[in-house]
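# Notes for the structure review
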Amino acid sequence: MEIRNIAIIAHVDHGKTALTDALMRQCNMTEAGLTMDSDALELERGITIYSKNTSVSYKGTKINIVDTPGHADFGSEVERVLRSIDSVLLVVDAQEGPMPQTTFVLKKSLKLGLKPIVILNKIDKPSARPAWAHDAVFELFMNLGVSDEQMDFPVVYAIARDGLAKLKMEDDAKDLSPLLDLILREVPPASSEVFIKKKLTAQVFNLGYDNFLGRLAISRVYSGNLKVGDNIFLKKIDGTTSPNKITKIFTFNGLERKEAKEAIAGDIVMIAGIPDIFIGDTICENMEQEALPAIKVDEPTISLNFLVNSSPFAGREGKFVTNRQIKERLIKELEVNVGLKIDFSSTEFYKVFGRGELHIAILLENMRREGYELQVSQPQVIIKEIDGKKCEPFEEVTVDIPEEYSGIVIEKLSKRKGKMIEMRPELKNTRIIFEIPTRGFLGYRNEFTVDTKGEGIICSRIIGFKPCVDGIEKHSFGSMVSMATGKALAFSLANLQDRGDLYIEANTDVYDGMIIGSASKGYNMKVNPIKGKHLTNMRASNADIGIKLTPPLKLTLERGLEIIKEDEYLEITPNHIRLRVA
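### A few points about the overall build of the protein
From N to C terminus, the protein includes 15 helices and 34 strands. In terms of overall dimensions, the protein is globule-like: its C-alpha atoms have a radius of gyration of 27 Å, near the 25 Å expected for 582 residues. Referenced to the eigenvectors of the C-alpha coordinate spread, the extents of the protein come out at roughly 95 × 55 × 55 Å. In the protein, which comprises 582 residues, the proportion classed as buried is 54%. For the protein, restricting intrachain contacts to residue pairs at least 6 apart in sequence, the fraction spanning at least 24 positions comes to 71%. Of the roughly 26,700 Å² of accessible surface on the protein, a fraction of 50% belongs to carbon and sulfur atoms. Measuring between centres, the 76 positive side-chain charges of the protein sit 3 Å from its 82 negative side-chain charges.

Encoded structure:
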């Protein structure tokens, strides 16, 4: 059976997972209602976080598909899978056109010499502009300086949600057959007799785990064949080589894994039997073979400290609360999260380096759901010295907003040293593109949502390191710090809510040093949220007027990481997220 290997890449919410699900439905590889986004956090947030493998069979050909995340913070998930495939399906929203993450993932795939198939999705939108989107993609290819062969990309028009595709806008669409036929024509076969006869080489690009089999290595077999019981050599990134034995081989069959006795060149398989295998390692037939080039991902841009929770409420909820337990969990995360780096040199805290606030927030959310309890410091950007100058990461930020909000957005981003590089009308909205230091952009997303009343869209991508800038103005508010321990009372909170935004509601347990809200005036305030009403036997005319509290601004992980200050900690437990003074 011939094999084709493809990945589906796009900006967030442009339809990658919807297209993958539709391809599996058409080829009868899944049941209605099942989706590639199977992780609990993915289902809750409606985004793809982890790269996942599936396969479909079409006209006697096996098509291995890798569904990738669309958020810039999970770019390492995309980077590591691109080496395992032979072409990419670039999905672009026919209304929005190319967005920041479209540029990022396309640039990575073109650098590897892959020729994309462009899919203009959501052509059924009332405001869809397929002709304009096609021209915008063509312009993007030109700006990236691609080869003539890559510039001659095929285009498919699709409604992924309904499982429809066509090669021309005027054609009738019945199913996804035009796209599948195009994949068979345009994507080179991954397997051939020449490669099968060569010595075995395979590379790991993802990891899984089984309670009975242990660590599973998801690998692309580049040459030769692999059989159950084979003795192989594992060449690691650090240059060491160790002998191992293959105990199980699984291939992908839709969303299920199917046990196989052997795998041939070109296939993507899951291998069991190698306990110390990591992403980027090479599986060889003998010791003399050279390891494949290591899988490289872009470096992290922010860092923060993970510490043992030392608040007065520490240990109330968590199952794993010690320094050793946190370290073991972080070491385990390093095995699968290639975009993460951790410095374990200090005994008081662990410095974690990540690709962005969401990248770190997903790790923390998984840890708290597993029963971990810890606290983290304010995220800081990573400063590098390049050619004798201190440099910091910069981002390209794209905002789509109604015109009436453009003034406040430009003002806020300018104070954070954002430089407007383009402004143009987009349908009923205005699209503005800024270049801004990551240090200035940190903590702005929630402010943007409030300023645009939820009507704006904001996204960004890292564009590299540039000389550091001074004079960044960020938060203009202080913190309300509790000076007492007990239960917060409605009477006290009613008096405090006029001074800023509260993070807690009545009857919430608070402690001395816990931050219960933001102060409108730009300095910290010591407050007493447990103070009750003084009772007397005198009657007043307003005695029966009920206390009305404004709903609090509930702290989430992302919001906490955005508003935390340098002298504060974000306390994270299985059931609560709190801010406290350091």
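### Here we look at the packing of aromatic side chains
A complete count under the given rule lists 7 aromatic pairs for this structure. Ring centres of F344 and Y350 lie 5.4 Å apart, and the angle between their planes is 65°; on these two criteria the pair is classed as edge-to-face. On the basis of relative accessible area, F344 is assigned to the partly exposed category, the value being 23%. Exposure remark for Y350: the relative accessible area of 4% places this residue in the buried category. Site record: aromatic cluster; members linked through ring pairs are F138, F141 and F153. Over the ring of F313 we find R316; its NZ or CZ atom is 3.9 Å from the centre of that ring. Between the NZ or CZ atom of K466 and the centre of the ring of F394, over which it lies, the distance is 5.9 Å.

### What to know about empty space enclosed by the protein
Counting across every chain of the model gives 2 cavities of 30 Å³ or more. Taken as a whole, the largest cavity holds about 60 Å³ of empty space. Taken together, E357, Q378, P379, L442, G443, K474, H475, L561, E562 and I564 make up the full set of residues lining the largest cavity. Here the residues of the lining of the largest cavity sort into 4 nonpolar, 3 polar and 3 charged.

### Some words on the sheet that holds strand β2 (residues 52–58)
Sheet architecture is open: 7 strands sit in the order β2-β3-β1-β4-β5-β6-β7, paired in mixed fashion. A single partner strand is all that each edge strand has here, and the edge strands are β2 and β7 (164–166). The average angle at which neighbouring strand axes cross in this sheet is 25°, direction not considered. Bridge analysis of strand β4 (residues 87–93) against strand β5 (residues 117–121) gives 5 bridges, and the strand direction is parallel. Counted as the bridge partner of V92 is L120 from β5. The strands that helix α4 (residues 100–111) touches are β1 (2–10) and β4; relative to β1, the one it contacts most, it runs at about 145°.

### Considerations on unusual backbone geometry
For K417, which is not glycine, the phi torsion reads 70° and is therefore positive. Mapped onto the elements of the fold, K417 is located in the loop between α11 (406–415) and β25 (419–426). According to the relative accessible area criterion, K417 is partly exposed, its value standing at 37%. In this structure, N507 is a non-glycine residue whose phi angle is positive, near 75°. Here N507 lies in the loop between α14 (490–496) and β30 (509–510).

### Details of the side chain of K235
Among the structural elements, K235 can be located in strand β11 (residues 231–235). Nearest to the buried, unbridged K235 among oppositely charged side chains is E288, at 7.8 Å. There is a polar contact of 2.8 Å between the side chain of K235 and the backbone oxygen of M287. Filtering out sequence-adjacent residues up to four positions away, K235 remains in contact with T240, T241, D281, T282, C284, N286, M287, Q289, E290 and A291.

The rules we used
Numbering of residues begins from 1 in every chain and follows the order in which that chain's sequence is written. pLDDT decides what is reported in this predicted model: residues at 70 or higher carry local features, side-chain atom pairs at 80 or more are listed and counted, and totals for whole chains, interfaces and linings draw on all residues regardless. The basis for the side-chain values is all heavy atoms of the structure; hydrogens and waters are excluded. Only DSSP runs of H or I covering at least 4 residues are called helices, and only runs of E covering at least 2 are called strands; the numbering of each starts at the N terminus. When we talk radius of gyration, it's over C-alpha atoms, and the globule rule is simply 2.2 Å times the number of residues to the 0.38. Each residue's exposure class comes from its accessible area (1.4 Å probe, protein chains only) as a fraction of the maximum for that residue type: buried when under 20%, exposed when over 50%, partly exposed otherwise. By definition in these notes, contact holds between two residues if any of their heavy atoms fall within 4.5 Å. The method behind every accessible area is Shrake-Rupley, applied with a 1.4 Å probe, and residues are considered shielded solely by the protein chains displayed. In this tally, Lys and Arg are treated as positive and Asp and Glu as negative; His is ignored, and so are the chain termini. By convention, the charge on Lys lies at NZ, on Arg at CZ, on Asp at CG and on Glu at CD. Note on ring pairs: Phe, Tyr and Trp rings are taken, using the six-membered ring of Trp, and paired if centres are within 6.5 Å. Classes follow the plane angle, with under 30 degrees stacked, over 60 edge-to-face and the rest tilted. We call a charge positioned above a ring when the Lys NZ or Arg CZ atom is no farther than 6 Å from the ring centre and deviates by at most 35 degrees from the ring normal. Cavity: a set of points on a 1 Å grid over the protein atoms alone where a 1.4 Å probe fits but cannot get out. Pocket: an open set with protein on both sides within 12 Å along at least five of seven lines, its lining residues, like those of a cavity, having an atom within 4 Å of a point. Grid points are joined across faces, edges and corners, and a volume is the space filled by probe spheres set on the points. Residues are sorted three ways: Asp, Glu, Lys and Arg are charged, Ala, Val, Leu, Ile, Met, Phe, Trp, Tyr, Cys and Pro are nonpolar, and all the rest, Gly among them, are polar. Between any two strands, pairing holds if DSSP finds at least two bridges. Simply put, an axis is a line fit to the C-alpha atoms, just over the touching stretch for a helix, and the angle between two N-to-C directions goes from 0 to 180 degrees. In the sections that follow, a salt bridge refers to a side-chain nitrogen of Lys or Arg positioned within 4 Å of a carboxyl oxygen of Asp or Glu. Identification of polar contacts relies on pairs of N or O atoms within 3.5 Å, with a donor-acceptor requirement for protein atoms, meaning one able to donate a hydrogen and the other able to accept it, and with residues adjacent in sequence counted only if both atoms are side-chain atoms.

Interpretation in functional terms is not warranted from these geometric data alone.
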